[in-house]
Each structure stands twice: as structure tokens, then as C-alpha cells.
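One-letter residues, chain by chain:
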Amino acid sequence: MSLTRRIEEEILLLKIKHGDQQAFATVYDTYVDSLFRFVAFRVRTQELAQDITSELFLKLWQYLTQNNEARVKNLRAYLYQVARNLIADHYRSEQKTLSLEEAIDIGATHAPGQLSPEMRLSLRDIESALTKLKDEWQEVVVLAYVEGLKPHEIAIIINKSPAATRVILHRALQELKKLLGQL
Amino acid sequence: MSDHKLFNQLKEIQVTKRAPALWREQTRERLLTLTETQTSRTYNFSEVVSLSWSRVRLVISPVPIMPMLVVMLGLIFGYAPISQAYSASLPGNLFYPVKRTVERVELSLRSTPATQGLFHLKLAERRLNEFNNLPPSATPAQAGLLRDYNIDLSFAQASLQAADDSKLAMQYDEVATELENKLANTKVSPNSQTSYNVAVVLTDKLSATALAVLVDAHQNGQNGLLPAAVAQRLESQISKIQNKLNNMENRISEFPESKSAPRVVLETKQTVVPAKEASREAKKSLTEAMVLIQKKEFTLALQKVQESEDITTKTEAAITKAETPAVATPTEEQGKVDGATTTTPEVKPNETAPVNPEKVEKPAEPTPSTNTNTNVKQ
């Protein structure tokens, strides 16, 4: 994250701590799409992704305004961490029902092994393959290649070392290619 | 498919897969409603310091460190050549970006509309001085400076209207008069003419707003403004408009008969009249204003002055338009000043953003809110 952006976020966080709704709205506008995407890949139903996304912003507000000792060093990482926690809570409390047909706009058009090498891979195929990855691998691929985060930033979110994150990223990418019939 | 293509397609997901727009907006509203019930907490001293420091860091973060350090050390140890070079620097000079950055830092440390407005005025004056010190060949930089002058003046105008303070208005009034005099003596190249015309209009408008605040304050018995001082100020405004009208009459008389005479819309009478008649109407309003000043009815006098000023501006615009032959649009004034502009686009929540002066396309049509009937209370 650039220095300017980091300083801007420090200012926003301080303002939110003091009940500044405009600052809160700025954070919402900045992060809502990326967080929704992140959650949507994990929970795979639109309604649930929307619920979790809105809940996580509310949690941010509550944490900052109701807790004098609240310290958020990296806002983006914090938001993704909260998203992961909420997703984990959801799976703990409800039985996981997995169905590709329930996916937002994902529909597998081909079984991975049947894709011919000449055929151009569509975004749907890639999204479908992403949903088949292990949770953590899916997260790192989405964070790295969809959201554009660096490995050291992802490491903070998934609570691993940067080196371990790079390894996971490499393995996840290999698996994704395998699913897409490229290996 | 290569890795590169795969990465590109993954990146595309960012564009194609977004939260539904309706849900996004509804959730935003809902969250803001839920958070509205919480009362805001005041900042303690350390938080104020932390916030100010963060703002300073935000402003200086993009600036190259070395020139900044050189200037800061020079200013701290009072090394005269560096201090002099820094304060006299012009666009294109090594220290100029640092000068503009330091101005931004200074601006960010001012927390009230009044102090910000005064600082914007100071910056406008600096830009005008820099403009006058630039060589005639530096036309892009000239255009950039005039643009920045207009922006600073717009912010100053907004701050004056937000503060609505007669002491502030007096300070503004003094500065605006100086700026008017400097502008009158400024030599402008054809490329900068449009920006210059906007600058003149904005400076007039600032002066008129300050006058309106002063008259209003006197009416409300604020700050012990002497009637004589208000009368004198109104009279000097009248005299300014009178001079303009006299110049215009010369132009009207020299207008070729072969061309159709310029016409002006008189809103007070809901009619369109020739420029000559509009000029007479404007003079009549000034005469009425003088009578009202003698009777110490300053608010009504100000209304008459504003009416006259409005007619004068429109008449001048009509004459200029009629005089100008149909030519290609002048080249765009895309002047870029070395170093970022001082004025930041940030608008604090309780302020309204000023009108963008650069949206003015013709010199004859100043910024939308030239109606100077501001702050006039009956």
C-alpha cells in the first residue's frame, strides 16, 4: 500500500473513531466491492454475501466507536480478517450447503478435465474453478490476482508469514491451472 | 493459455464481479442510518496533534525529500540566500514545488473557514505577484498561475460566505481592493485573456460580497461600524461602477452603425433594451443609491448598487460580444505550473464547494453566482 494511501486511512480511522459518518461512508465506498467479491467466493450465495458484507462494516464502526483502545494498523487487512471470521462463524453455525447452481453467476460449463486446450477459457470457467479450490487457497488467489494485494499484505490477513503465503499462492495457482485443464 | 492471460482474466473478475448497485446504495443508507444515532466524540489534544500531523504527512508525502530538506534547513538556520531563493521562486524554479508544498502544509494547519479564507487570499496575492514577475514568454505558466489565482479566490469567497463575519469582511475588503489595483496593472497575453477576465470578475465579486457583509453587519448593529465608513465604502463602489459605465459609453458611441447594436436583458423590468439604455438605467440606480446613502439607508443603497453592477456587467458582456468578430475559439489555457497546486480539492463536510472558475467559457459570462445580492437582509 502506498504511503499516501496509508496516511489517508489513518486519518479516516481517526475520524471514524470520533463518529464521523462521512469518513465511514468513504471507507464503505472504497472497500464494499472488493469485500463483497471476497465473501461471495467463499459463501457462494448472493444474499449471504450481502449480509456478511454489511455486517462487517457495522462491526468496523462498532469496534472503532465503542472501544477507546481500538487500534487498527492496516484497515484493509483488518476488514478482510473480519470477513474471514464472519465466514468462519457462518460455517460453524450453519450446515454448509454447497451447490454450484446456487452460485452467484457461476455455472460450470464443462467439467475441468474435458476442456480442450484450444478452447478459450471464459471468466465463468475460471470462477467455477476458483470455487473448487481449498478455502485458504481460494482466498490467496482472489486476494493476489483479483484484488491485487501483495504477498506480505495477504500474509497479515491470513495470519501466516510472507514466505508461507508465497508457497500457498504458488500451490494454489498450480491447482487452479490443473482444474482449468492446463497442466 | 499462458500465465499472463490467466492473470489478466483473474484481474477481469474485479471489473465484472461487483456488488449489485442497488444493494450497495441501500446498504450504505442503512448503515449511515444505523450509525447516525451515535453521538460524535470530541478530539482530545493528542488526537488533534495526531490528526494535524497526519494531514501534514499526507501533503508532503509525494514531494521529493531533498529539495524540501534543503529549504527547511535553510529556513530554520536563516540562511539568507536559500530563504530568498525560496520565497522568490517562480514556476520552473527548483524550489517552486517545495514552496507550493509548504503552502499546502500551512493551509492544512488552518482549521476554521475564516483562517483558511484569509490564507487563500494571501495565496491569491502571491500567485498574482508571481504572474507579474514571470517573463512574457512563459505563457503556459502564466495561464496556470491565473487559474490558481481564480481557484484561491473562489475558496476565499466561499469561506467569507460561510464565516459571515464583519471583521473578516473588512480584511477581505482591504485585500480585494489591493488585488483589484494589481490586476488593473497586470499585462496579459492573449492566451491568458480568458482567465484574466474571470480573475477580474471574481475579484469584483469578492469585493462586493465583503461590502454586503459589512452593510449587513452595520444594519444589525454588529462590531460598531461607523456609518461614515459604510457610506464611504458604498461611495467608492459607486465610483468604480461609474468609471466602468463611462468607459462603456465610449465603446457604445464608437460602435459601428453597420453592426446591430448590442442588447441587454433587464431583469428588473423584464425587458430587453439597447446597451445605451441599459447604461442609463445603471446610472439611474447609482444616483438613487447616492440619495439613499445620504439618508443612511445603506441596505437599500446596497441593493441599488448591486442592481447597477448587474446591469453594468451584462451591458459590458453584450458590448464585448458584439465587438468580437466571429473567430476560432482561443487556444485552451492548459498552463501547468511546476509543483502541485496549493489548493486541495478537499471540502470539509460543512462547507460547500466553490464554483469552478474554469467553467467560464467566455469573458462576457462570469461564474454562475455573479448575482451579488448576497447577505442582504431587509
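What you see is a predicted model, and the numbers here were worked out from it, not measured in a lab. (Residues numbered from 1 in each chain as written. Chains lettered and ligands numbered in written order. Predicted model: local features only at pLDDT ≥ 70, side-chain atom pairs only at ≥ 80, totals over all residues. Heavy atoms only, no water.)

Student: Got a minute to help me understand the overall build of chain B in this structure?
Tutor: Looking only at helices and strands, chain B has 13 helices and two strands in total. Buried residues in chain B amount to 42% of all 378 residues. The long-range share in chain B, meaning contacts at least 24 apart out of those at least 6 apart in sequence, stands at 74%. Roughly 20,000 Å² of accessible area belongs to chain B as shown, and the carbon and sulfur atoms make up 56% of that amount. (Helix = DSSP H or I, 4+ residues; strand = E, 2+ residues; numbered from the N terminus. Buried < 20%, exposed > 50% of the residue type's maximum accessible area, 1.4 Å probe, protein only. Contact = heavy atoms within 4.5 Å. Areas by Shrake-Rupley, 256 points an atom, 1.4 Å probe, with all protein chains shown as cover.)

Student: Please explain helix H1 (residues 3–16) of chain B as it appears in this structure.
Tutor: Side chains three or four residues apart in an α-helix point the same way, a direct result of the helix having 3.6 residues per turn. Relative to the 20 Å expected for 14 residues at 1.5 Å per residue, H1 of chain B spans 20 Å between its end C-alpha atoms, a close match to the ideal helical length. Buried residues along H1 of chain B sit against helix H2 (21–43), helix H5 (123–132), helix H6 (135–146) and helix H8 (162–179) of chain A. (Expected span 1.5 Å × (residues − 1).)

Student: Looking at this structure, how should I read the pairing of strand S2 (residues 271–274) of chain B?
Tutor: Side chains on a regular strand alternate between the two faces of the sheet. All names here are of chain B. One ladder, built from four bridges, connects strand S1 (residues 263–266) with S2; its direction is antiparallel. Bridged to Val265 within S2 is Val272. What sits between S1 and S2 in their antiparallel hairpin is a turn of four residues, with Gln270 showing a positive phi close to 55°. (Pairing = 2+ DSSP bridges.)

Student: What should I look at first to understand the nonpolar core in this one?
Tutor: Most often, soluble globular proteins keep nonpolar side chains buried together rather than apart. Of all hydrophobic cores here, the largest spans 67 residues; its most connected members are Val27, Phe57, Leu130 and Leu176 of chain A together with Leu10 of chain B. Counting residues per element, this core draws most heavily on H2 of chain A, which supplies 14 residues. Here this core spans two domains, and each of domain 1 (1–103) and domain 2 (105–183) of chain A adds at least three residues to it. Membership of the second largest hydrophobic core comes to 30 residues, among which are Ala124, Ala176, Ala199 and Leu206 of chain B. (Core = buried A, V, L, I, M, F, W, Y, C linked by side-chain atoms within 4.5 Å. Domains from an automatic or database assignment.)

Student: For this particular structure, what's the right way to read the side chain of Arg76 of chain A?
Tutor: Residue and element names in this part refer to chain A. As for its position among the elements, Arg76 is in helix H4 (residues 75–93). The class for Arg76 is buried, based on a relative accessible area of 11%. A polar contact of 3.0 Å, which involves the side chain of Arg76, links it to the side chain of Glu153. (Polar contact = N/O pair within 3.5 Å; in protein donor to acceptor, adjacent residues only side chain to side chain.)

Student: Is there a simple way to explain the interface of chain B and chain A in this structure?
Tutor: Listed by partner, the interface residues are 39 residues for chain B and 52 residues for chain A. Buried surface at the junction of chain B and chain A, both sides included, amounts to about 4,400 Å², of which 61% is carbon and sulfur. The tally of links between chain B and chain A comes to three salt bridges. Of the charged contacts, one joins Asp29 of chain A and Arg28 of chain B as a salt bridge, the two residues approaching to 2.8 Å between their closest N and O atoms. If you look at where chain B meets chain A, you find nine residue pairs in polar contact (both at pLDDT 80 or more). At the level of elements, H1, helix H2 (21–36) and helix H3 (45–60) of chain B are the ones that each hand at least two residues to the side of chain B that touches chain A. Looking at the side of chain B that touches chain A, its residues break down into 15 nonpolar, 11 polar and 13 charged. (Buried area = accessible area lost by both parts, 1.4 Å probe. Salt bridge = Lys/Arg side-chain N within 4 Å of Asp/Glu carboxyl O. Nonpolar A, V, L, I, M, F, W, Y, C, P; charged D, E, K, R; others polar.)

Student: So what exactly am I meant to see when it comes to the packing of aromatic side chains here?
Tutor: Pairs of aromatic rings are described using the distance from one ring centre to the other and the angle between the two planes. Residues and elements named next belong to chain A. As enumerated under the stated definition, the model contains six aromatic pairs over all chains in all. Centre to centre, the rings of Tyr63 and Tyr78 are 5.5 Å apart; their planes meet at 20°, and the pair counts as stacked. Placement of Tyr63 in helix H3 (residues 46–66) and of Tyr78 in helix H4 is noted, with a sequence separation of 15 residues between them. You can call Tyr63 partly exposed: its relative accessible area is 27%. Taking the relative accessible area as the measure of exposure, Tyr78 reaches 17% and is therefore buried. (Phe/Tyr/Trp six-rings, centres within 6.5 Å; stacked < 30°, edge-to-face > 60°.)

Student: Would you take a moment to explain the packing of helix H10 (residues 193–219) of chain B against helix H11 (residues 227–253) of chain B for this structure?
Tutor: For any two helices packed against each other, one specifies the inter-axial angle together with the distance between the axes. All names here are of chain B. The contact between H10 and H11 brings their axes to 10 Å, and the two run at 150°. The pairing of H10 with H11 is recorded here as roughly antiparallel in orientation. In this structure, the crossing between H10 and H11 has a hand that is left-handed. Where H10 abuts H11, its residues Asp204, Ser207, Ala208, Leu211, Val215 and His218 lie against Pro227, Val230, Arg233, Leu234, Gln237, Lys240 and Lys244. (Axes fitted to C-alpha atoms, helices over the stretch in contact; angles between N-to-C directions. Parallel < 35°, antiparallel > 145°, perpendicular 65-115°, else oblique. Left-handed = near helix turned anticlockwise from the far one by under 90°.)

Student: Which parts of the structure should I look at to understand helix H7 (residues 151–158) of chain A?
Tutor: Residue and element names in this part refer to chain A. Among the residues making up H7, those that are buried are Glu153, Ile154, Ala155, Ile157 and Ile158. Against H4, H6 and H8 lie the buried residues of H7. Looking one or two residues beyond H7, the residue adopting positive phi is Asn159, at roughly 65°.

Student: I'm lost on the environment of Lys122 of chain B in this one. Help?
Tutor: Residue and element names in this part refer to chain B. One can find Lys122 in helix H7 (residues 113–133). Judged by relative accessible area, Lys122 falls into the partly exposed class, the value being 41%. Between the C-alpha atom of Lys122 and that of Val175, which follows or precedes it by 53 residues, the distance is 8.5 Å.

Student: Just to check I follow, could you spell out the packing of H3 of chain A against H4 of chain A for this structure?
Tutor: Residue and element names in this part refer to chain A. It is at 10 Å that the axes of H3 and H4 come closest, and there the two elements cross at 125°. Looking at the two axes, H3 sits oblique to H4. In this structure, H3 meets H4 at a crossing whose hand is right-handed. Packed against H3, whose contacting residues are Leu48, Ile52, Glu55, Leu56, Lys59, Leu60 and Tyr63, the element H4 presents Leu75, Tyr78, Leu79, Val82, Ala83, Leu86, Ile87 and His90 at the interface. Taken together, the residues that form the contact of H3 with H4 break down as 12 nonpolar, one polar and two charged.

Student: Help me out: how do you make sense of the confidence of the model for chain B in this one?
Tutor: The predicted coordinates ought not to be read in detail in places where the model reports low pLDDT. Residue and element names in this part refer to chain B. Averaged over chain B, the pLDDT score is 77; the fraction of residues at 70 or greater is 76%. Averaged pLDDT values over the elements of chain B bottom out at 64 in helix H5 (residues 80–87) and peak at 90 in helix H12 (residues 275–294). Predicted confidence is poor over residues 332–378, with pLDDT under 50, and the contacts of this stretch with residues over four places away or in other chains come to 103 contacts. (pLDDT = per-residue confidence, 0-100.)

Student: Explanation requested: the pattern of salt bridges in the structure shown.
Tutor: Residue and element names in this part refer to chain B. On inspection of all chains with the given rule, the structure shows 28 salt bridges over all chains. Two residues, Glu103 and Arg100, come together in a salt bridge whose shortest N-O distance is 3.6 Å. A residue pair is termed a helical-turn pair when its members lie 3 or 4 positions apart in one helix, as Glu103 and Arg100 do in helix H6 (residues 96–108) at three residues. Like Arg100, Glu103 is buried. Through salt bridges with shared partners, a single network forms among Lys99, Arg100, Glu103, Arg126, Arg127, Glu130, Arg147 and Asp148.

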